[in-house]
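Tertiary structure, described
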Amino acid sequence: MANAYLDVGIQSRMNRIINPKDNRVVMLAVDHPYFQGPTTGLRNMSATIKTLLPYCDCLMTTRGAVRSNIAREDLGSKPIMLRVSGGNSVLFDELSDEQITVSMEEAIRMDVAGVAVSVFIGSANQQQTILNLTDTINCAEEYGIPVLAVTAVGKNMARDLRYLGLASRICQDAGARIIKTYYCEEFSKLVDWVAPTAVVVAGGKYSSPPDALQMAYDSVQAGAAGVDFGRNIFQDENPVGMIKAIGAIVHGNHTVKEALDVYKACMPGAKKLE
Ligand code: 5RP
């Protein structure tokens, strides 16, 4: 039988990331500049984070963003999911060529709740990125830090159950505590294949409030622990309305129609983020 004491650090951090009351999470992804530079909605990163931080459960971001853009008093006890893989940019066609960019000592010093590593399954750098994940898990688990695996996709990969299920299952087998993947048809099968590992859904390119909220709704209905959305929140004309509406779906079990009412209620005075 596993010694429960060995997992106390992991469990305590998992409870900071995923609310143990309902096993759900609204994670806000603002890590895009690590390869995209000044992303729309994140050009004034401090303002974006300050505006949206109160409404998320956990902030997925980078070391530089924490250092440069978040005032300690704004952060409070909000847990950080720290991206620790990178090394590429949108100027280069092959995005999969990543390595580990932040040491575990630094992550501990920053008191992060978890660390995130991308894997590019099926890409030219598949092995390197899986080993980035396993090396990070080997190190992070020593300190009781859970690792979130991001199933990033290459340009030519289909975002279907076959591909995303394969990528997610590889992440689970590597030892990831949380898997971030894209929504696809028959998503509940993917959730079952990796159970009991928590799954969070990435938003992808900006779409529209009804479409993004439908995806959040379908994801949690299929068994996801929640979402890790970025652009569909911070690039919307009503970003606070959007994150509140997502929270209403994830934690309040609202329908899409009810969540759209939450969104619309925040529309007066809504301000687009730079
Ligand atoms: C990149 C990431 C991003 O955080 C992810 O794409 C989520 O943001 P969005 O909802 O904008 O797609 O992990 O690999």
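First things first, this report covers the structure right here in the doc.

What counts and how
Residues numbered from 1 in each chain as written. Predicted model: local features only at pLDDT ≥ 70, side-chain atom pairs only at ≥ 80, totals over all residues. Heavy atoms only, no water. Helix = DSSP H or I, 4+ residues; strand = E, 2+ residues; numbered from the N terminus. Contact = heavy atoms within 4.5 Å. Pairing = 2+ DSSP bridges. Axes fitted to C-alpha atoms, helices over the stretch in contact; angles between N-to-C directions. Near = heavy atom within 4 Å. Polar contact = N/O pair within 3.5 Å; in protein donor to acceptor, adjacent residues only side chain to side chain. Areas by Shrake-Rupley, 256 points an atom, 1.4 Å probe, with all protein chains shown as cover. Buried < 20%, exposed > 50% of the residue type's maximum accessible area, 1.4 Å probe, protein only.

Brief notes about the environment of Ile100
- Mapped onto the secondary structure, Ile100 falls in strand E5 (residues 99-100).
- Linking Ile100 and Asn138, residues 38 residues apart in sequence, is a C-alpha distance of 13 Å.
- In contact with Ile100, not counting residues within four places along its chain, are Val84, Ser85, Val117, Asn132 and Thr136.

Topic: the sheet that holds strand E7 (residues 147-151)
- Spatially, E1-E2-E3-E6-E7-E8-E9-E10 is the arrangement adopted by the eight strands of the closed barrel, whose pairing is parallel. Looking at each pair of strands side by side, their axes are set apart by 25° on average, direction ignored.
- Pairing of strand E2 (residues 58-61) with strand E3 (residues 80-83) involves three bridges; the strand directions are parallel. Note that in E3 the partner of Leu59 across the bridge is Ile80.
- Sheet strands in contact with helix H10 (residues 209-221) are strand E9 (198-202) and strand E10 (226-229), and its direction is about 145° off that of E10.
- Contacts between helix H12 (residues 239-250) and the sheet are confined to strand E1 (25-29) and E10, with E1 contributing the most and set at about 150° to the helix.

Some words on the site of the ligand
- For the ligand, the set of nearby residues contains 13 residues, the closest of which are Asp31, His32, Gly204, Gly230 and Arg231.
- In this structure, an oxygen atom belonging to the ligand sits 2.5 Å away from a side-chain N or O atom of Asp31.
- Take Gly230: an N or O atom from its main chain is 2.7 Å from an oxygen atom of the ligand.
- Here the ligand, which alone exposes 370 Å², has 95% of that area covered by the protein.

Concerning the pairing of strand E6 (residues 114-119)
- Across the six residues of E6, six count as buried, placing the element largely inside the fold.
- Of the two faces of E6, the one lined by Gly114, Ala116 and Ser118 and the one lined by Val115, Val117 and Val119 are each fully buried.
- Relative to E6, E3 is paired through three bridges, and the arrangement is parallel. Bridge pairing in E6 links Leu82 to Val115.

Here's the deal with the pairing of E1
- Counting buried positions along E1 yields five of five residues, so the element is predominantly enclosed.
- The alternating pattern of E1 places Val25, Met27 and Ala29 on one face and Val26 and Leu28 on the opposite face, and all of these are buried.
- When E1 meets E10, the two strands line up parallel, connected through four bridges. Bridging from a neighbouring strand, Leu28 pairs with Phe229 of E10.

Description of the environment of Ile246
- Within the secondary structure layout, Ile246 lies in helix H12.
- By relative accessible area, Ile246 is classed as buried at 0%.
- On a C-alpha basis, the gap between Ile246 and Val256 in space is 9.1 Å, while along the polypeptide they are 10 residues apart.
- Among all residues touching Ile246, those that are not within four sequence positions of it are Val26, Leu213, Val227, Phe229 and Ile233.

Examining the side chain of Thr129
- Mapped onto the fold, Thr129 is located in helix H7 (residues 126-142).
- For Thr129, a relative accessible area of 0% corresponds to the buried category.
- At a separation of 3.0 Å, a polar atom in the side chain of Thr129 contacts the main-chain amide nitrogen of Phe120.
- With sequence-adjacent residues up to four places away left out, Thr129 is seen in contact with Ser96, Glu98, Ser118, Val119 and Phe120.

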